[in-house]
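Survey of secondary and tertiary structure
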Amino acid sequence: MFDSIRKKINQKNEDNSPQNVSLDFKLMFVYHIAMMVLFATRVVDNSSAQASFALVLGLVLVLISTIHKFRAQWKWPGLGIFGVPSALMGVIFVYAFLAFAAYSINPEAEVPSLHEVNYFDLISESWVIIKQVASIPALTPWFLAGAGIGVFNLLSSLKLVATKKSEFEAQCTNS
C-alpha cells in the first residue's frame, strides 16, 4: 500500500521537477524577475518608460517563444471544454486582484459598497483607480508584474503556452 503511494509521490515530483519546466514558463519568470528588479531598484523612475520597457520585453519574449515553437513544429492542441471559461475567470480574478490592491494602496479612494452596485460602473470606476495607482512610478512594476502573470495564465488557459516541457513536447510534431 505504501509503495503505491510512494510511487505516486515520486511521479508527481518528477513531473514538477525544474528539468520539466517549459521555455514559456521560464520566459514568464524572466519577465517577472525583470519587473521585480525595476520595482526594487527603481532604475527607471518614470511609469510610462517602465510600461514601455515591459511592453518591449514582453514582445521580445513572445518572439523567442514563437521562434522556439516554430523550430519545434508546435501544433496548437485547440481549446478544451474549460478553456474559454477558465480564461474568462482568470481575467476576472486578475482584474479583481489589481483593483483590490489599488483600492488598498490609495487612501483617498473610497471602497464601493458591493450590495447594490451597477457592475459596469464598478468596473469603470475601479479601472480609473487602477490606472491612478499604477501610474505611481514606485508601484508601476508591481502592477506590470501582476498583469504579466495574468497574461501568462490567459495564454495558458487558451493553450497557447505550456507550463511543463513534457506538455509542450507532446504538442510538437518533431519530438
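Residues numbered from 1 in each chain as written. Predicted model: local features only at pLDDT ≥ 70, side-chain atom pairs only at ≥ 80, totals over all residues. Heavy atoms only, no water.

Attention now moves to the overall build of the chain. A tally of helices and strands in the chain yields seven helices and zero strands. Mapped in sequence order, the helices and strands of the chain form the string α-α-α-α-α-α-α. A compact globule built from 175 residues should have a C-alpha radius of gyration of about 16 Å, whereas the chain, at 20 Å, is more than 25% larger. With the C-alpha coordinates of the chain rotated into their principal frame, the extents come out at 55 × 40 × 35 Å. Looking at the 175 residues of the chain, the share that counts as buried comes to 30%. (Helix = DSSP H or I, 4+ residues; strand = E, 2+ residues; numbered from the N terminus. Rg over C-alpha atoms; globule rule 2.2 N^0.38 Å. Buried < 20%, exposed > 50% of the residue type's maximum accessible area, 1.4 Å probe, protein only.)

Within the structure shown, the criterion is met by one salt bridge. Between Asp24 and Lys69 there is a salt bridge, with its nearest N and O atoms 3.1 Å apart. Here the residue Asp24 occupies a position in helix H2 (residues 23–41), and Lys69 occupies one in helix H3 (residues 47–71), the gap between them amounting to 45 residues. No difference in accessibility class separates Asp24 from Lys69, as the two residues are buried. (Salt bridge = Lys/Arg side-chain N within 4 Å of Asp/Glu carboxyl O.)

Let us now look at the nonpolar core. Residues Leu98, Ala102, Ile129, Ile130, Val133 and Phe143 are the most contacted members of the largest nonpolar core, which totals 13 residues. Broken down by secondary-structure element, the contributors of at least two residues to this core are helix H4 (83–105) and helix H5 (119–134). In terms of residues, this core owes the most to one element, H4, which gives six residues. Those residues in contact with Ile129 that sit more than four places away from it in its chain are Ala102, Tyr103, Asn106 and Ala109. (Core = buried A, V, L, I, M, F, W, Y, C linked by side-chain atoms within 4.5 Å. Contact = heavy atoms within 4.5 Å.)

Below, the discussion takes up the environment of Ile64. Along the chain, the position of Ile64 falls in helix H3. Given a relative accessible area of 37%, Ile64 falls into the partly exposed group. Ignoring sequence-local partners within four residues, the contact set of Ile64 consists of Leu23 and Leu27.

Even without being a glycine, Arg42 presents a positive backbone phi close to 55°. Looking at the secondary structure, you find Arg42 in the loop between H2 and H3. Classification of Arg42 as partly exposed rests on a relative accessible area of 48%. For Lys159, which is not glycine, the phi dihedral falls at a positive 60°. Position of Lys159 among the secondary structure elements: in the loop between helix H6 (140–157) and helix H7 (165–170).

With that settled, consider H5. If you check H5, its first and last C-alpha atoms are 22 Å apart, about what 16 residues at 1.5 Å a residue would give, namely 22 Å. Among the residues of H5, those classed as buried are Leu122, Ser126, Ile129, Ile130, Val133 and Ala134. Seen along its axis, H5 keeps its buried residues to an arc of 120°; they face one direction. Those residues of H5 that are buried lie in contact with H3, H4 and H6. Where H5 begins, one side-chain oxygen reaches toward the backbone nitrogen of Phe120, 3.0 Å away; that side chain belongs to Asn118. (Expected span 1.5 Å × (residues − 1). Arc of directions from axis to C-beta. Polar contact = N/O pair within 3.5 Å; in protein donor to acceptor, adjacent residues only side chain to side chain.)

Another point: the packing of aromatic side chains. One pass over the structure, following the stated rule, counts five aromatic pairs. Ring plane angle 35° and centroid distance 5.8 Å describe the contact between Phe97 and Trp142, whose orientation is recorded as tilted. Of this pair, Phe97 sits in helix H4 while Trp142 is found in helix H6, placing the two residues 45 residues apart along the sequence. What makes Phe97 partly exposed here is its relative accessible area of 40%. On the basis of relative accessible area, Trp142 is assigned to the partly exposed category, the value being 29%. Arranged with centres 5.1 Å apart and planes meeting at 75°, the rings of Trp142 and Phe143 form a pair that is edge-to-face. A relative accessible area of 5% places Phe143 in the buried class. Its end group placed over the ring of Trp74, Lys69 keeps NZ or CZ at 5.2 Å from the ring centre. (Phe/Tyr/Trp six-rings, centres within 6.5 Å; stacked < 30°, edge-to-face > 60°. Lys NZ or Arg CZ within 6 Å of the ring centre and 35° of its normal.)

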